[in-house]
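Reading the structure
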Amino acid sequence: MSAVPGLREDCEELLGAFLQADTVRFERFAELWRERRFHTIFYGKMRALQRKKLTEKTLDLAQQYFLPPYYFQIRVGALYLLYGLYNAQRCQPKQKIRIALKDWPEIQRFHLDLLDCQHYDAAYILRKLRLARAFHFTAMPKLLTYRSKKKIEEEHFKEEFRDPCNRVNNLITNDILEELMNIHNHYQKMKCVISADKSQPDKALSLIKDDFVVNLKDLALEHQEWHQNRLKLLQSVTETDEAEDRKKEEALLKSEGSERAGALARIKYRSYTAPVEVSKSRRHRQVQFESSEPGSSCGKSPSRSKKPSRGPQTPRRRGSSEVRGEMQLAKETVTQHIGMPIIIEEDSDGGELSPPKSRRRR
Amino acid sequence: MNFFLVFLPLRIRKKALERREETIIVDRACRQETLTYEMESHATGKRPDNTTDLIEEGELLLTLNIFYPVIFQKHKDHKPYQTVLVLGSQKLTELRDSISCVSDLQIGGEFSSQPDQAPEHISKDHYKSAFFYFEGIFYNDKRYPECRDLSRTIIEWSESHDRGYENLRSVKMEDYVFNDLSLKIGFPYLYCHQGDCEHIIIITDIRLIHHDDCLDRNLYPLLVKKHWLCTRKCFVCKMYTARWVTNRDSLAPGDPCFFCDVCFRMLHYDAEGNKLGEFLAYPYVDPGIFN
Ligand SMILES: [Zn+2]
Ligand SMILES: [Zn+2]
């Protein structure tokens, strides 16, 4: 896609404003759209062929933000943007939005997430687009075009919209811990059954550490705390310039570019504070995770409220390979460890603590 | 809300449009642009007269780029090609019949003594063999008894030299539809006809048919884009496309020399149709004939 001057900037500005608004309501998006008179994006003297190309490129651009790895909120914004652009376009018949075969399951999952979180406006818009036959179901995300080498340019999408992934949290999710806990309980029971004393397993059967799951959870909590401290630190570093003694720290953290890091930090912080719903199927055996660390306040247990929330809820992924593990382990008391060393990506010490490679679903 | 913000948005896109306004002197669709658009969209939304020809939901639509075999220096960066849409349920032979190439229309032989005989011998009628090559398999057109297996030499060559293409097979083109094939998008395949006229074929897209597409089965394979080749004009009238080319022509200013049919006959024959002067005349088919 060769760049249409200004197009990307304008779309990103709108999505950025939507992100700032901290909501996923269509109402708010529509306001932002109108404030910007965004429908005029297709205006200007254009002939049929050019109009078609421009529309194609615009939809293509918006579509990219509709798919992972962007924030849930950005993805909802992109959905509204697609809806707006699709209807505002002046092509006859309308240009379609390309959806690749590989992306379709992701979109269906997204749709279920919307329903689960009761973001009915967004779900409605998605349904509207489908009913309007706005999609082309394609084998590949893009129509291949061939150009001579020199004209090909890299595309840069806005990093700030990207959903930051925390690898540790991705691996150790609520689901996983629940599953482990269940398996462990089951295992314990089995051992009891085959033991002489039915109330307690034989010593000979004691092959793994009993507090394995608790330990794992503690480690994950610790990691999360460290991670958040680091983010807070980043934030404070970028927001205040008085602290001379932090300069060193800053230099260390600056590797990614402090501005971007600051923006990311703010966003990350927000995504951790978003409430998480527990899927109905699992509610009956939900495990309450509490910090067992002495002296610290308890971790928040996941919100169970089913009331439609006004805030941008980040839904829990089901079955997707990128299970995002917002574990909601956020701690209230965060101490500013300024002198804390920056260690990249902790390794779990015990061999038996290595997180499971595959997740079982039932 | 910042008061300024209201006026900021869309400024960049608007600025770009204004810049365009300033730099463009004549803002009028050129002939080529109009034709390109015409061609792309002429069949959109068409429905068949007969309901049995209606394409059903779930049909696959393939976009194919078929390249011309011409390799001119000026086409170094932009290889000329035509784009056709085919349906997954269509036979390979349907695509083969729809590919227009000058070498099919080439007329062999020198006709200076009997120019009226010429147009009856077209290569397509003479040499009917052709094949597609997709993923290790040659699909030979064997619909007519005089069709030869053009791929045999290639397969024999590869086998005798142990070239590392072990599993080359050849089958009948007319037995296969596109849905039968397993294809790579973006991979260069081959269409070969007239013995050695080779066209690269690239599949650029596969998607489900859409309500707004042309749903008349009879209109597929559907040509949606073609390269405009410049035509050679008659040296005399400078108006019509050349139909004849002459060599060693005592009446011509150069060698070779191109003529339209009318000018060729007026110059080279008397009222009774007798040949004047010395020359060799060959029917000429211009690559731009399909424009
Ligand atoms: Zn050819
Ligand atoms: Zn002439």
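Here is what the cut-offs are and how they apply
Residues numbered from 1 in each chain as written. Chains lettered and ligands numbered in written order. Predicted model: local features only at pLDDT ≥ 70, side-chain atom pairs only at ≥ 80, totals over all residues. Heavy atoms only, no water. UniProt positions renumbered as here; feature names shortened; annotations may be inferred. Donors = N, O, S within 2.8 Å, 3.2 Å for Na, K, Ca; no water. Buried < 20%, exposed > 50% of the residue type's maximum accessible area, 1.4 Å probe, protein only. Pairing = 2+ DSSP bridges. Helix = DSSP H or I, 4+ residues; strand = E, 2+ residues; numbered from the N terminus. Axes fitted to C-alpha atoms, helices over the stretch in contact; angles between N-to-C directions. Contact = heavy atoms within 4.5 Å. Tetrahedral: all angles 85-135°; square planar, octahedral: opposite > 155°, others 65-115°. Salt bridge = Lys/Arg side-chain N within 4 Å of Asp/Glu carboxyl O.

In the annotation of an unreviewed UniProt entry, chain B is listed under the name snRNA-activating protein complex subunit 3 and assigned to Zosterops lateralis melanops. Of the comments in the UniProt record for chain B, the one headed Subunit (unreviewed entry) reads "Part of the SNAPc complex composed of 5 subunits: SNAPC1, SNAPC2, SNAPC3, SNAPC4 and SNAPC5. SNAPC3 interacts with SNAPC1." You can read under Sequence similarities (unreviewed entry) in the UniProt record for chain B the words "Belongs to the SNAPC3/SRD2 family."

As annotated in an unreviewed UniProt entry, chain A carries the name Small nuclear RNA activating complex polypeptide 1 and comes from Zosterops lateralis melanops.

So, about the coordination of the zinc ion (ligand 1). Residues and elements named next belong to chain B. Coordination of the zinc ion (ligand 1) by the protein comes from Cys 101 (SG), His 193 (NE2), Cys 197 (SG) and His 199 (NE2), over a distance range of 2.0 to 2.2 Å. Donor residues for the zinc ion (ligand 1) sit on one chain with the sequence pattern C-x91-H-x3-C-x1-H. For the pair His 193 and Cys 197, a shared accessibility class is recorded, and that class is buried.

The next point concerns the sheet that holds strand β9 (residues 244–247) of chain B. Residues and elements named next belong to chain B. With antiparallel pairing, three strands are arranged side by side in an open sheet as β10-β9-β11. What marks the edges here is a single partner per strand, and that holds for β10 (257–259) and β11 (280–283). If you compare each strand with its neighbour and ignore which way they point, the axes differ by 30 degrees on average. Here four bridges tie β9 to β11, and the two strands are oriented antiparallel to one another. Pairing of Val 245 across the sheet is with Tyr 282, part of β11. Helix α7 (residues 261–268) contacts β9, β10 and β11 of the sheet and is inclined by roughly 40 degrees relative to β9.

Turning next to unusual backbone geometry. Note that the residue after Tyr 220 of chain B, namely Pro 221 of chain B, is joined by a cis bond; omega there is -5 degrees. Looking at the element boundaries, Pro 221 of chain B is found in the loop between β7 (197–208) and β8 (222–225). Cis geometry is adopted by the peptide bond preceding Pro 256 of chain B, which originates at Asp 255 of chain B and carries an omega value of -5 degrees. Along the chain, Pro 256 of chain B turns up in the loop between β9 and β10. The phi dihedral of Arg 133 of chain A is positive, around 55 degrees, even though this residue is not glycine. Mapped onto the fold, Arg 133 of chain A is located in the loop between α6 (120–131) and β2 (135–138). Judged by its relative accessible area of 43%, Arg 133 of chain A falls in the partly exposed class. Of note, the phi angle at Gln 194 of chain B is positive, near 50 degrees, even though the residue is not glycine. With respect to the helices and strands, the residue Gln 194 of chain B is situated in the loop between β6 (188–193) and β7.

Quick look at the coordination of the zinc ion (ligand 2) now. Residue and element names in this part refer to chain B. Note on the zinc ion (ligand 2): its protein donors are Cys 234 (SG), Cys 237 (SG), Cys 260 (SG) and Cys 263 (SG). The metal-donor distances range over 2.2 to 2.4 Å. Taken together, the four donor atoms coordinating the zinc ion (ligand 2) and their angles of 96 to 119 degrees define a geometry best described as tetrahedral. Donor residues for the zinc ion (ligand 2) sit on one chain with the sequence pattern C-x2-C-x22-C-x2-C. One end of the pair, Cys 237, is in the loop between β8 and β9; the other, Cys 260, is in the loop between β10 and α7, and 23 residues separate them in sequence.

On to the pattern of salt bridges. Pairing of side chains with opposite charge becomes possible as their charged atoms draw close. Residues and elements named next belong to chain B. Summed over all chains, the structure comprises 21 salt bridges over all chains. The partner of Lys 128 in a salt bridge is Glu 146, with the nearest N and O atoms 3.0 Å apart. Pair noted here: Lys 128 is in the loop between α5 (123–126) and β3 (130–134) and Glu 146 is in the loop between β4 (137–140) and α6 (152–160), with a separation of 18 residues, a long-range link. Residue classification places Glu 146 among the partly exposed residues on the basis of a relative accessible area of 42%. One salt bridge in this structure joins Glu 156 and Arg 152, with 3.6 Å as the shortest N-O distance. Of this pair, Glu 156 and Arg 152 both sit in helix α6, four residues apart, which is roughly one turn of that helix. When salt bridges that share partners are traced, they join Arg 96, Asp 97, Asp 141 and Arg 143 into one network.

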